[in-house]
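Commentary on secondary and tertiary structure
Listed here are the chains, written in short residue letters.
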Protein chains: 2
Amino acid sequence: MAETDRATRSRLTRGGILRAAIALADERGLDGLTMRALADGLGVEAMSIYHHLPNKDAILDGAIEEVFAEIAAETLASAPAVPNGAAVTPAPAWDAAVGARILAARRVLLRHPWVPWVLNARGAPGPNAARHVDGIVAAMHDGGLAYDLIHHALHALGSRVYGYVQELSDDGGELPAGALEQLAMVAPNLAAMLAEVVHDDPDSTLGWCDDQTEFEFGLDLLLDGLVRRAADPSLPPVE
Amino acid sequence: MAETDRATRSRLTRGGILRAAIALADERGLDGLTMRALADGLGVEAMSIYHHLPNKDAILDGAIEEVFAEIAAETLASAPAVPNGAAVTPAPAWDAAVGARILAARRVLLRHPWVPWVLNARGAPGPNAARHVDGIVAAMHDGGLAYDLIHHALHALGSRVYGYVQELSDDGGELPAGALEQLAMVAPNLAAMLAEVVHDDPDSTLGWCDDQTEFEFGLDLLLDGLVRRAADPSLPPVE
DNA sequence: CGTGCTTGCCTTACGGCGTAAGTCTTACGT
DNA sequence: ACGTAAGACTTACGCCGTAAGGCAAGCACG
């Protein structure tokens, strides 16, 4: 109701701005997404946008969240569909389940090629992004993987799917105080994994992600796989 | 001699500018690398730089090439050192050799975290970059891998090491006419691989890199490796 | 029925970016 | 000694994100 009320006098909405921003970036690339061009497309002056979003970074963050909503829809659409709330389903292999989720994400990202750039440039992901990762963590956990291995897996897969430019950062994170509790609301599996991984680290609290270790883990994964495929060319996906 | 001659009247050199640009980007990040700041550090006005390099992209390209020279030095330094031009050396496993090259590259990139961004944003690599890849191709080829598999491997490793934001591009390349001959001069193994891979493609000339195929190949590599490590936790690198 | 406040958009302006165009200075070759 | 050209400087343009404030429309309230 408030929505319709406002619509009579304000044609600008947070959601509308974000949708326009996504369309603009899709069409003209990230460089083409400027405040002035965005406002132009909305039939408005640039500064008017600032009454709905505080700055350009907020637009980028919001657009990313919108895209993760799209990924969630795509993931759901490509799921095998369990109509009733059945108890024990056939349970596909965890790797197939994870692969399906990642391929769904990729299908969406192909429509928004600028997303990995923004993802790389900016820090904390929003709730939709957390939910997406949470689904992957859940699928792996259901498959019996230990949180420790899941953690490594996320690093290895992250750089491939979302284009994480690699963890060339050293920082490690040191997530703020109440963050874990808040994360648990929206992404319980991810939060559980983080809690365990952080706890296991003897140095605790700081530097809980050793970038070098993660890098070498992913590298070994790839090299091992290549060795096996070189030894036995009949292995699945050498096409 | 010309170098010293010029030095008396021109303190600015192409090489000096590139080195200053690298230092500035290392110190203040890619955003801190502006023409004005760069000129300032060189004790000069911004526009003076344009007498030695045509534009900022040329500076970035040149800096990247300089970094790949650094990678070459690091790779050489970390090599097991074959003093005399011996014929048949013990020949380490190809995956160890490739791993060593990639880790050497990473060591250098950690000193220049902005490099993957530039690498992602810009197109054709220079000769030093080509030589680096050529070394990896050579190591794999010596290990008996088929060019086809090597090609897939490069895609899979590229996104991890150099942060290729993934091949979210669709374009495929269609390398220009004389490019292959020119590439053969500096990177014969890479050129040989390209020649064969391009030739094998029934559609030839255009779209010789199927991004979806490459993506799924790399994804399967990772998932397979994770499955194996989940099944047998004693496998090497789960730390 | 005013009247004043809030909301939403617009106008203007600032500092910083890459760089096009033109000017001055300097040191060399003759 | 002097013309010349290379190399640095000056100025200026059109972009960018956004700070500061103006102005009109609709609502709450006397």
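Computed from a predicted model, the values in this text were never measured in an experiment.

1. What about the UniProt feature "DNA-binding region" (unreviewed entry) in chain A?
Per the UniProt record, "DNA-binding region" (unreviewed entry) is annotated on residues 34-53 of chain A. When the span residues 34-53 of chain A is considered, its composition is 35% helix and 0% strand, and the gap between its end C-alpha atoms is 14 Å.

2. A word on the relation of the copies chain B and chain A
Least-squares fitting of chain B to chain A yields an RMSD of 0.0 Å, with the transformation described by 0.0 Å of translation along the axis and a rotation of 180°. Look at the turn and shift together and you get a two-fold axis relating the two. A share of 100% of the interface residues of chain B reappears at the interface of chain A, consistent with the copies meeting face to face through the same patch.

3. Quick notes on the protein's contact with DNA strand D
Of all residues adjacent to DNA strand D, which total 20 residues, the nearest are A:Arg36, A:Lys56, B:Glu45, B:Ser48 and B:His52. Those elements giving two or more residues to the surface near DNA strand D turn out to be helix H3 (35-41) of chain A together with helix H1 (2-9) of chain B. Class assignment of the residues belonging to the surface near DNA strand D gives a composition of seven nonpolar, six polar and seven charged.

4. Side note on the interface of chain B and chain A
Taken together, the contacts link 55 residues of chain B with 57 residues of chain A. For the pairing of chain B and chain A, the buried interface totals around 5,300 Å² over both sides, and the portion due to carbon and sulfur atoms is 68%. Counting across the chain B and chain A interface gives two salt bridges. For the salt bridge of B:Asp224 with A:Arg229, the shortest nitrogen-to-oxygen distance reads 2.6 Å. Linking chain B with chain A are four residue pairs in polar contact (both at pLDDT 80 or more), by the criterion used here. Residues of the side of chain B that touches chain A, tallied by class, amount to 30 nonpolar, eleven polar and 14 charged.

5. Things to note about the nonpolar core
The nonpolar side chains of a soluble globular protein tend to be buried, and buried together. Counting residues in each nonpolar core, the largest one holds 129 residues, and the members touching the most others are A:Met140 and B:Leu226. Residue contacts for A:Met140: discarding those within four places in its chain leaves A:Trp94, A:Val98, A:Leu145, A:Ile150, A:Ala153, A:Leu157 and B:Leu226.

6. Some points on the packing of aromatic side chains
The tally for this structure, following the rule as stated, stands at zero aromatic pairs over all chains. The ring centre of B:Phe215 lies 4.4 Å from the NZ or CZ of A:Arg106, which sits over that ring.

7. Digging into the environment of A:Ala129
Residues and elements named next belong to chain A. Relative to the assigned elements, Ala129 resides in helix H7 (residues 127-142). On a C-alpha basis, the gap between Ala129 and Ala187 in space is 9.5 Å, while along the polypeptide they are 58 residues apart. When near neighbours in sequence (up to four residues on either side) are disregarded, Ala129 contacts Glu65 and Phe68.

8. Brief notes about the packing of helix H11 (residues 211-231) of chain A against helix H11 (residues 211-231) of chain B
Where H11(A) contacts H11(B), the two axes come as close as 8 Å, and the packing angle between them is 100°. In terms of their interaxial angle, H11(A) and H11(B) are classed as roughly perpendicular. Here A:Phe217, A:Gly218, A:Asp220, A:Leu221, A:Leu222, A:Asp224, A:Gly225, A:Leu226, A:Arg228 and A:Arg229 of H11(A) come into contact with H11(B), specifically with B:Phe217, B:Gly218, B:Asp220, B:Leu221, B:Leu222, B:Asp224, B:Gly225, B:Leu226, B:Arg228 and B:Arg229. Residues of the contact of H11(A) with H11(B), tallied by class, amount to eight nonpolar, four polar and eight charged.

9. Here's the deal with the pattern of salt bridges
All names here are of chain A. On inspection of all chains with the given rule, the structure shows ten salt bridges over all chains. Linking Arg122 and Asp61 is a salt bridge whose minimum nitrogen-to-oxygen distance equals 2.5 Å. Linking Arg122 in the loop between helix H6 (115-121) and H7 with Asp61 in helix H4 (residues 56-78), this pair joins segments that are 61 residues apart in sequence. Taking the relative accessible area as the measure of exposure, Arg122 reaches 27% and is therefore partly exposed.

10. Quick look at the protein's contact with DNA strand C
Surveying the vicinity of DNA strand C reveals 21 residues, the closest of which are A:Glu45, A:Ser48, A:His51, A:His52 and B:Lys56. Counting only atoms of DNA strand C within 4 Å of the protein, the sugar-phosphate share comes to 52%. Within the side chain of B:Thr34, a nitrogen or oxygen atom sits 3.4 Å from a phosphate oxygen of DNA strand C. Contributing elements (two or more residues each) for the surface near DNA strand C: helix H1 (2-9) of chain A together with helix H3 (35-41) of chain B. Taken together, the residues that form the surface near DNA strand C break down as seven nonpolar, six polar and eight charged.

Criteria and thresholds
Residues numbered from 1 in each chain as written. Chains lettered and ligands numbered in written order. Predicted model: local features only at pLDDT ≥ 70, side-chain atom pairs only at ≥ 80, totals over all residues. Heavy atoms only, no water. UniProt positions renumbered as here; feature names shortened; annotations may be inferred. Helix = DSSP H or I, 4+ residues; strand = E, 2+ residues; numbered from the N terminus. Least-squares fit on C-alpha atoms with pLDDT ≥ 70 in both. Contact = heavy atoms within 4.5 Å. Near = heavy atom within 4 Å. Nonpolar A, V, L, I, M, F, W, Y, C, P; charged D, E, K, R; others polar. Buried area = accessible area lost by both parts, 1.4 Å probe. Salt bridge = Lys/Arg side-chain N within 4 Å of Asp/Glu carboxyl O. Polar contact = N/O pair within 3.5 Å; in protein donor to acceptor, adjacent residues only side chain to side chain. Core = buried A, V, L, I, M, F, W, Y, C linked by side-chain atoms within 4.5 Å. Buried < 20%, exposed > 50% of the residue type's maximum accessible area, 1.4 Å probe, protein only. Phe/Tyr/Trp six-rings, centres within 6.5 Å; stacked < 30°, edge-to-face > 60°. Lys NZ or Arg CZ within 6 Å of the ring centre and 35° of its normal. Axes fitted to C-alpha atoms, helices over the stretch in contact; angles between N-to-C directions. Parallel < 35°, antiparallel > 145°, perpendicular 65-115°, else oblique.

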